[in-house]
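Residues per chain are reported as follows:
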Amino acid sequence: MKRMLLGFLLIGLFSCSNNSDKPVATPTPGADSSLYKEVQTGGVKVIQVQTPNGNFNVWTKRMGNNPKIRILLLNGGPGATHEYFECFESFLLPQDIEFIYYDQLGCGLSDNPKDTSMWDLPRFVEEVEQVRKALGLNKDNFYLLGHSWGGILAMQYALKYQDNLKGLIISNMMSSCPLYGKYAQDVLAPQFDPKILDTIRQIEAKKDFDNPKYMELLTPHFYAKHICRLPLEQWPEPMVRSFNKMNHSLYVTMQGPSEFGIGGNLVNWDVSKELPKIKVPTLTIGGTHDTMDPEHMKWMSTQVQHGRYLLCPNGSHMSMYDDQAHYFPGLIEFIKDVDAGKEVKR
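Residues numbered from 1 in each chain as written. Predicted model: local features only at pLDDT ≥ 70, side-chain atom pairs only at ≥ 80, totals over all residues. Heavy atoms only, no water.

Caption draft 1: Representation of the packing of helix α6 (residues 194-205) against helix α7 (residues 212-227) in the model. The geometry of α6 relative to α7 is characterised by a closest axis approach of 10 Å and an angle of 140 degrees between their N-to-C directions. Compared by their axis directions, α6 and α7 come out oblique. α6 and α7 meet at a crossing whose hand is left-handed. On α7, the residues that touch I196, T199, I200, I203 and E204 of α6 are K213, Y214, L217, L218 and H221. Residue classes in the contact of α6 with α7 are distributed as six nonpolar, two polar and two charged. (Axes fitted to C-alpha atoms, helices over the stretch in contact; angles between N-to-C directions. Helix = DSSP H or I, 4+ residues; strand = E, 2+ residues; numbered from the N terminus. Parallel < 35°, antiparallel > 145°, perpendicular 65-115°, else oblique. Left-handed = near helix turned anticlockwise from the far one by under 90°. Contact = heavy atoms within 4.5 Å. Nonpolar A, V, L, I, M, F, W, Y, C, P; charged D, E, K, R; others polar.)

Caption draft 2: Structural detail: the nonpolar core. Core analysis: the largest hydrophobic core is formed by 54 residues, its most contacted members being I71, F88, M320 and L331. Among the elements that take part in this core, helix α12 (residues 324-339) stands out by supplying seven residues, more than any other. Residues in contact with L331, not counting those within four places in the same chain, are F88, L92, L145, I169, L283 and L310. If you look at the next biggest cluster of nonpolar residues, it comprises 49 residues, including L137, A158, C177 and M297. (Core = buried A, V, L, I, M, F, W, Y, C linked by side-chain atoms within 4.5 Å. Buried < 20%, exposed > 50% of the residue type's maximum accessible area, 1.4 Å probe, protein only.)

Caption draft 3: Spatial organisation of the packing of aromatic side chains. Summed over the entire model, instances satisfying the criterion amount to 16 aromatic pairs. Pairing Y84 with F243 gives two aromatic rings, centres 6.3 Å apart and planes at 65 degrees, and the pair type is edge-to-face. Taken as a pair, Y84 in the loop between β3 (70-74) and α2 (88-92) and F243 in helix α8 (residues 237-244) lie far apart in primary sequence, 159 residues in all. On the basis of an interplanar angle of 10 degrees and a centroid distance of 4.1 Å, the ring pair of F91 and F328 is categorised as stacked. Of this pair, F91 sits in helix α2 while F328 is found in helix α12, placing the two residues 237 residues apart along the sequence. The exposure class of F91 is partly exposed, given its relative accessible area of 27%. The class for F328 is buried, based on a relative accessible area of 1%. (Phe/Tyr/Trp six-rings, centres within 6.5 Å; stacked < 30°, edge-to-face > 60°.)

Caption draft 4: A look at unusual backbone geometry. Cis geometry marks the peptide bond from G77 to P78; its omega dihedral reads -5 degrees. Here P78 lies in the loop between β3 and α2. The backbone of D96 shows a phi angle near 60 degrees, a positive value even though the residue is not glycine. Within the secondary structure layout, D96 lies in the loop between α2 and β4 (98-103). Positive phi is not limited to glycine here, since K114 has a value of about 55 degrees. Relative to the elements of secondary structure, K114 occurs in the loop between β4 and α3 (121-135).

Caption draft 5: Region of the structure containing the sheet that holds β3. Here eight strands make up an open sheet; going across it, the order is β1-β2-β4-β3-β5-β6-β7-β8 and the pairing mixed. This sheet does not close on itself; its edge strands, each paired only once, are β1 (44-51) and β8 (307-312). Each adjacent strand pair in this sheet contributes to an overall mean axis angle of 20 degrees, direction not counted. In terms of strand pairing, strand β6 (residues 167-171) meets strand β7 (residues 282-287) through four bridges, oriented parallel. The residue of β7 that forms the bridge with I169 is L283. (Pairing = 2+ DSSP bridges.)

Given below as structure tokens:
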């Protein structure tokens, strides 16, 4: 055994000595030599963020490479993941638009402190600011796109840190949770069959949200009409994957357990009167069949200083899936207009 081992060692040494005269491989001519200066991770960057309860890691991934246009994506929920944004790859990358996936703390691939005291809007705003700094985003390239809850976070961020922004996109989110709740009660609820609505109300009154009947009724009568209007059996896999990973503690703490308006700690959130303070170019996106009032989102575009409204006539809350033909051309046009220095108002 010892002789065999010695033989292998001698062969290895002999091989190494023979190979020492061979030229060392060099990067392919024309290749970006900067790629070899540090280990590449496919665009993934884990960022440590400071919180009142300690330091935690959040996950990001850059898609594309355009130093002039860099969009940070804020997912909804609260508590969903970046994954439902994967459809953006098909539309933005061919247009040379860089975007960055980002799982907020408690979501997806980021740390989950499992501490409900941290599910707090001001803390999330500071988290986004730390992520911005770590990614090197600035007023010359930084676009912030928030969808649903991410829209709340984007608006709140802009009201404090808009000097760091080049553009703001508020996708499928109203500027007032009380008005969102009113729209759900006055407009969406009456669209239900009265018997079905009565059963849903009874379940909610008992706070029996784990009752399988609740989702059994909501899925065909609410989700399929106002969340994503594609046939349920055709719901896009990235969207389903993201929803299946929802952090329910985070969702219930901030949104509340009911689907009719907000009942968590965001229940009184309202920045509708503060919108005129937002001076960066802003796009608001609404869907005709959205859970959010599309007329309110149109109004929002008139309240910011440089606003534009994009209506997805066939879309619901997930307009990036059920009305891609309007969502992405409108989004891309806005981004390119801002980049070209054009006035965005219409």
